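Listed below are the residues making up each chain.
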Amino acid sequence: MSVDKDETQLRLKAAVHYTVGRLCQRMGEVHRREFSRQVLAAIAETAFRQCGQFKHILTFSPDIFAKDLEAFARHAKRSTVSSEDVKLVARRSTALSIYIQNKSEELNQEQRDLKKKNAGKRKSRDTEERAENKDKTKAGL
């Protein structure tokens with residue numbers, strides 16, 4: 001792709017993400033729902049991909065998509081739309097479903113790695129504190 005096409009695509013993607021964020025914010029206010037950043041990113045990516053795949057046939061309806069997300073969250077007795085809800089809506093398109101599943105797994109792996117890293121730091125700090133306390137105890141004897 002040329003530089004102009006890449007730049008245009010990035011700008012379009014940013015515009016879709018912004019618009020999805022504003023729509024979700026408005027819908028959230030009206031229906032007292034919350035959307036996590038992951039859900040907003042997934043919806044924006046879904047919308048962008050759907051529009052790109054079906055330029056000649058408009059098969060993606062944001063209203064239906066939003067209503068389905070809300071229905072799944074309500075069915076689960078939640079006020080917040082989760083990434084699992086997005087996966088359920090995306091199952092209509094095999095390619096999209098696979099893409100979202102892979103992205104979700106990537107995000108989950110990143111979160112697990114971050115937790116492991118933070119747990120390692122905590123263990124290291126705890127070990128240092130124990131050693132300092134032991135030294136203080138020995139010095140006091």
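See the structure printed just above.
Residues numbered from 1 in each chain as written. Predicted model: local features only at pLDDT ≥ 70, side-chain atom pairs only at ≥ 80, totals over all residues. Heavy atoms only, no water.

Peer 1: Before we move on, could you go through the nonpolar core and cite the residues and values that matter?
Peer 2: Counting 16 residues, the largest nonpolar core has Val 20, Ile 43, Leu 69 and Val 86 as its most contacted members. Filtering out sequence-adjacent residues up to four positions away, Val 86 remains in contact with Val 39, Ala 42, Ile 43, Leu 69 and Ile 100. (Core = buried A, V, L, I, M, F, W, Y, C linked by side-chain atoms within 4.5 Å. Buried < 20%, exposed > 50% of the residue type's maximum accessible area, 1.4 Å probe, protein only. Contact = heavy atoms within 4.5 Å.)

Peer 1: Lay out unusual backbone geometry with the relevant residues and their values.
Peer 2: A positive phi angle, near 50°, is found at Arg 32, a position not held by glycine. According to the relative accessible area criterion, Arg 32 is exposed, its value standing at 71%.

Peer 1: Quick rundown of the side chain of Glu 45? Include the residues and the values.
Peer 2: Along the polypeptide, Glu 45 turns up in helix H2 (residues 37-53). In this structure the side chain of Glu 45 is engaged in a polar contact, spanning 3.5 Å, whose partner is the side chain of Lys 13. Apart from the residues within four sequence positions on either side, Glu 45 is in contact with Lys 13 and Tyr 99. (Helix = DSSP H or I, 4+ residues; strand = E, 2+ residues; numbered from the N terminus. Polar contact = N/O pair within 3.5 Å; in protein donor to acceptor, adjacent residues only side chain to side chain.)

Peer 1: Describe the pattern of salt bridges, and please don't skip the residues or the numbers.
Peer 2: In this structure the tally under the stated criterion is five salt bridges. A salt bridge links Asp 85 to Arg 78, with the nearest nitrogen and oxygen atoms 3.0 Å apart. With a relative accessible area of 29%, Arg 78 lands in the partly exposed category. For Lys 103, the salt bridge is made with Glu 106, and the minimal N-O distance between the two is 3.7 Å. Here Glu 106 and Lys 103 lie together in helix H5 (residues 94-140), a separation of three residues that amounts to about one turn. (Salt bridge = Lys/Arg side-chain N within 4 Å of Asp/Glu carboxyl O.)

Peer 1: Talk me through the environment of Lys 87; I want residue IDs and the actual numbers.
Peer 2: Tracing the backbone shows Lys 87 in helix H4 (residues 83-90). Along the backbone, Lys 87 and Val 39 are 48 residues apart, and their C-alpha atoms lie at a distance of 9.9 Å. Discounting chain neighbours no more than four positions away, the residues touching Lys 87 are Ile 100, Gln 101 and Ser 104.

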